[in-house]
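As a plain string of letters, each chain reads:
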Amino acid sequence: MATFPTCIRFFLLRMTCIIILIGHSAGIGPKSGNDMDVLNRTPKSGWRHDRQEASLSDVYRTIGTGRPGSKLRRIAAFAGPGYMVAVGYMDPGNWATSLAGGSKFGYALLTVALLSNLMAIVLQSLCARLAIASGRDLAQACRDAFPKFVSVPLWAFAEIAIIATDIAEVIGTAIGLNLVFGVPLELGVLITALDVFLILYLQKLGFRWIEAFIITLLGVIALCFGIQIFLADPQWGAVITGFFPTTEIVSNPEMLYLALGILGATVMPHNLYLHSGIVQTRAFGHTVPEKREALAYATLDSTFALCFALLINASILILAAAAFNANGRTDVVELGEAHSLLSPLLGLAIAPTLFGIALLCCGLNSTVTATLAGQIVMEGFLKIRLQPWVRRLITRAIAIVPAAIVTIWYGNQGTAQLLILTQVVLSLQLSFAVFPLVMFTASKAKMGELVAPRWLSTVAYVIAIVIAGLNIKLLIDFVTG
């Protein structure tokens, strides 16, 4: 029997999608027009208002794009935002779902990680397109395109998604601190609040320093997993087979639940808002050719970064399948339990240490990017104008307070189930960000010459419908079972 919140969530999901589609067809969305976009004005036929405050105004257009210079230098100038986005595709919540999926079903859910990553590449490219063509992030675009009775619920759902993200990241960081340094879980949760000051310090040095910090930790994570996979020695034939889909994923409710958790942990709502904001830290030109070039380089950046994220995600699942499922441990879901089992199963004491270090790096990275996403969502939807440090403290508090309460309440027990639940919540929230994004980028009036090609919009709509359909099936399974 479904719980009351589950029924409400199902109702809100259906009603909000209907409201958005009605608003779009009634003229709230795009109208006809071919006016050109310039820095602070956009075609009035496409957007209801001129663009006002820039996204992340304190770092807006602060990074040069390598002009004049070689093509390689310009590509390098756009490298960075994609790797910050990739952080969200390998956060601690993803670890929980991948560990559970790998230990219980072996390599079978690798296909879900692959398909999720392909979806992510398409959706993140649309985020860059929206930002470069319109000068708006996704939150600002929703506020402009929809009336308050639609935009305010969308803001609420975005905040819920960020809170769910932060719960996963705070728990993951706290567990990482506990595994590596022996810090109590409750104290570790409070320590994660200090990342606000880290962001402020790095951003004071320049946005490139934040990107360098993120990329450095990603390198550490890759090294740790590379060593662990070498030690685990997986069955590579089974790994390759795992990337091919099977109908059991949809027919088995337990497998579908974990598959949706992996989907929610991979294609995350806050990443769509984040990418559409941080792309605008680049000082690209305002002509159509310059914007096309910026879009090409930004898409290249995010595509390479997300391929790297797929390697990490697949490594987590492969490690769980090779170390746990292959040894009959099909019930490993706790990060702490996985840490303690790696040493006896792989035969080296360094294995659990590498696991803890990688988890800690993932948690630190993810809390930084989630805080920035929270700022973009709050400023974009609500037009809040405060000093950067005040805004970050507020957005961090909104996320970390419930995360701290939940973590302290659960303690060391039940954290895995909570992590998986947060990823399923993220998956359920995803449609509220994806459908507006696809609608905006498919609109000639809103996007001008940079409107998404028809084939790309078709693929994006299919992705949006598949995500919504899988979520509805999950809810129906809850209602009937």
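Everything quoted here is computed from the prediction, not taken from an experiment.

1. Brief notes about the overall build of the protein chain
Right, so step 1: Looking only at helices and strands, the protein chain features 21 helices and zero strands.
Right, so step 2: With the model as given, the accessible surface of the protein chain reaches about 18,200 Å², and the carbon-plus-sulfur share is 69%.

2. Quick notes on the packing of aromatic side chains
The description of an aromatic ring pair rests on the distance of the ring centres and on the angle between the ring planes.
Right, so step 1: Enumeration over the complete set of coordinates arrives at five aromatic pairs.
Right, so step 2: Here the aromatic rings of phenylalanine 78 and tyrosine 297 are separated by 5.8 Å at their centres, their planes lie at 50 degrees, and the arrangement is tilted. Here phenylalanine 78, found in helix H2 (residues 71–78), pairs with tyrosine 297, found in helix H15 (residues 288–323); they are 219 residues apart in sequence, far enough to count as distant.
Right, so step 3: Taking relative accessible area as the criterion, phenylalanine 78 reaches 5% and is therefore assigned buried.
Right, so step 4: When the centroid spacing of 5.6 Å and the interplanar angle of 35 degrees are considered together, the rings of phenylalanine 146 and phenylalanine 440 count as tilted. In this pair, phenylalanine 146 sits in the loop between helix H6 (138–145) and helix H7 (148–181) while phenylalanine 440 sits in helix H19 (residues 415–441), placing the two residues 294 residues apart along the sequence.
Right, so step 5: We classify phenylalanine 146 as buried; its relative accessible area is 1%.
Right, so step 6: Here phenylalanine 440 falls in the buried class, since its relative accessible area comes to 1%.
Right, so step 7: Taking NZ or CZ as reference, lysine 104 lies 5.9 Å from the ring centre of phenylalanine 105, over its face.
Right, so step 8: Cation over ring: arginine 136 sits above tryptophan 47, and NZ or CZ is 4.4 Å from the ring centre.

3. Some details on a nonpolar patch on the surface
Right, so step 1: A cluster of nonpolar side chains, contributed by Leu187, Leu190, Ile191, Leu194, Phe197 and Leu393, occupies part of the molecular surface with about 550 Å² of accessible area.
Right, so step 2: A per-element tally of the nonpolar patch places helix H8 (residues 185–191) first, with three residues.
Right, so step 3: Relative to the elements of secondary structure, isoleucine 191 occurs in helix H8.
Right, so step 4: Its relative accessible area of 32% is what places isoleucine 191 among the partly exposed residues.

4. Describing the confidence of the model for the protein chain
Right, so step 1: Summarising the model, the protein chain shows a mean pLDDT of 80, and 81% of its residues fall at 70 or more.
Right, so step 2: Taken element by element, the protein chain is modelled with least confidence in helix H1 (residues 4–25), mean pLDDT 40, and with most confidence in H6, mean pLDDT 94.

5. What about the nonpolar core?
Right, so step 1: Grouped together as the largest cluster of nonpolar side chains are 133 residues, with contacts concentrated most on Trp95, Leu109, Leu138, Leu272, Tyr273 and Phe440.
Right, so step 2: Here this core gets 17 residues from one element, more than from any other, and that element is H15.
Right, so step 3: Apart from the residues lying within four places of it in its own chain, the contact partners of tryptophan 95 are Met90, Phe225, Ile316, Leu335, Phe355, Ala358, Leu359 and Cys362.
Right, so step 4: With five residues, the next largest nonpolar core counts Ala161, Ala164, Met268 and Leu426 among its residues.

6. Overview of H6
Right, so step 1: For H6, the tally of buried residues reaches seven of eight residues, placing the bulk of the element in the interior.
Right, so step 2: Here H6 starts with a cap whose side-chain oxygen sits 3.0 Å from the backbone nitrogen of alanine 139, and that cap is aspartate 137.

7. Focus: the pattern of salt bridges
It is possible for side chains bearing opposite charge to pair when their charged atoms get close.
Right, so step 1: Under the criterion given, the structure shown has six salt bridges.
Right, so step 2: Measuring nitrogen to oxygen at the nearest pair gives 3.6 Å for the salt bridge that ties arginine 136 to aspartate 144.
Right, so step 3: According to the relative accessible area criterion, aspartate 144 is buried, its value standing at 4%.
Right, so step 4: In this structure, the salt-bridge partner of glutamate 449 is lysine 444, at a minimum N-O distance of 3.6 Å.
Right, so step 5: Judged by relative accessible area, which is 38%, glutamate 449 ranks as partly exposed.
Right, so step 6: Lysine 444 sits in the partly exposed class, given a relative accessible area of 34%.

What counts, and where the lines are drawn
- Residues numbered from 1 in each chain as written.
- Predicted model: local features only at pLDDT ≥ 70, side-chain atom pairs only at ≥ 80, totals over all residues.
- Heavy atoms only, no water.
- Helix = DSSP H or I, 4+ residues; strand = E, 2+ residues; numbered from the N terminus.
- Areas by Shrake-Rupley, 256 points an atom, 1.4 Å probe, with all protein chains shown as cover.
- Phe/Tyr/Trp six-rings, centres within 6.5 Å; stacked < 30°, edge-to-face > 60°.
- Buried < 20%, exposed > 50% of the residue type's maximum accessible area, 1.4 Å probe, protein only.
- Lys NZ or Arg CZ within 6 Å of the ring centre and 35° of its normal.
- Patch = residues over 30% accessible without salt bridge, like charges linked within 9 Å, V, L, I, M, F, W, Y side chains within 5 Å.
- Salt bridge = Lys/Arg side-chain N within 4 Å of Asp/Glu carboxyl O.
- pLDDT = per-residue confidence, 0-100.
- Core = buried A, V, L, I, M, F, W, Y, C linked by side-chain atoms within 4.5 Å.
- Contact = heavy atoms within 4.5 Å.
- Polar contact = N/O pair within 3.5 Å; in protein donor to acceptor, adjacent residues only side chain to side chain.

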